[in-house]
Structure formats: C-alpha cells, structure tokens
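Commentary on secondary and tertiary structure
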Amino acid sequence: MRVTKPRIAILEALIKRDAPVSIEQLHQELDQRSCDLVTVYRCLAAFEDLGLVRRNFLHNGTALYEFMHASRPRHYHIVCKSCGRTETVDYFSVEGLERVLHERGYTQLSHIVEFFGVCPDCQKKLPDRNTAPAIPQAHV
Ligand SMILES: [Zn+2]
C-alpha cells in the first residue's frame, strides 16, 4: 500500500479517537480538499484488509471503523440510541461462553457483541416515560 497524505491523515484521526467512527464523521474531521468521501471509504477498506482497523455495524446498519490498538485489551461498545455516543465496555463474561463452545467442539470462534442503550445525558433530556402524564382526559 502506498503511503499517501490522505491515508496518513485518516489513520492519525482514527488513532486519536477512542471510539468507533463512521465514514461521514471521519470525513468531516479531515481536510476535505485533499480527501473526499470516496477516498475515506477506500482507505478504510484498505486498512481493514491490513488488519489496522476493525469494522462494526450499528443497529441501523451504519458502518463504524475503529483503529486496532495492539496494546489495548479486547473490549465491547455501548452505543447510545439517542445521540450515538459510543463508549467502551471491558471484555468479560463472554470468555466463559467461548470456553463452553470450545468444549462442545467448535474451533475458530468469533463473535460480535454490541450494546445499545440511552446514555445518562440523553435520559436527562428525554421526557421521563414513567412520570409522564397519562393521556389527557377530554374536557366536557
Ligand atoms: Zn446519548
């Protein structure tokens, strides 16, 4: 792979981030004169082939890309359904499940686990469903 200015910029932007990012978000952060959306898309596909980035999908089908930090332990993500904010979740209990599947004779196991929820900030903004008034009575 040739090392080009857009590729370096894209990789740097991915490394700086601590959360997965969509192609559109990444494109907006970059110098758009030197790097159009198609370039970003192609670069990310090339990085994925090289194992430099990992691709995930949101529940709505949006592809998110994340730099694979060699030093960083495996982790999951929790995505806010309201604002799209993504945070990492430590890798834990699924290890036990993989062990069970190994014992059942499966090899080359892999899995995708994504969590979705509403973040604390969005909960403050959203009307609380539990305390919302019931359907108003018609005035007679
Ligand atoms: Zn949120």
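Conventions we followed
- Residues numbered from 1 in each chain as written.
- Predicted model: local features only at pLDDT ≥ 70, side-chain atom pairs only at ≥ 80, totals over all residues.
- Helix = DSSP H or I, 4+ residues; strand = E, 2+ residues; numbered from the N terminus.
- Pairing = 2+ DSSP bridges.
- Axes fitted to C-alpha atoms, helices over the stretch in contact; angles between N-to-C directions.

A few words on the environment of Gln25. Positionally, Gln25 belongs in helix H2 (residues 23-29). C-alpha of Gln25 to C-alpha of Leu64: the two residues are 39 residues apart in sequence and 9.5 Å apart in space.

Sheet architecture is open: 3 strands sit in the order S5-S4-S6, paired in mixed fashion. Looking at which strands have only one partner, the edges of the open sheet turn out to be strand S5 (86-90) and strand S6 (114-117). Adjacent strand axes in the sheet meet at a mean angle of 30 degrees when their direction is disregarded.

Right, let's talk about the pairing of S5 for a bit. Of the strand pairs in this sheet, strand S4 (residues 75-80) and S5 are connected by 5 bridges, and their pairing is antiparallel. Bridged to His77 within S5 is Thr88. Turn length for the S4-S5 hairpin, with the two strands adjacent in sequence and antiparallel, is 5 residues, and the turn residue Gly84 shows positive phi of about 85 degrees.

Across a sheet, paired strands are connected by hydrogen bonds in the backbone, their directions being either parallel or antiparallel. If you walk across this open sheet you meet the 3 strands as S1-S3-S2, and the pairing is antiparallel. With partners counted over all chains shown, the strands left at the sheet margins are strand S1 (21-22) and strand S2 (53-57), one partner each. Inspection of the sheet shows S2 paired to strand S3 (residues 63-67) by 5 bridges, in the antiparallel sense. By the bridge assignment for S3, Phe57 is matched with Ala63.

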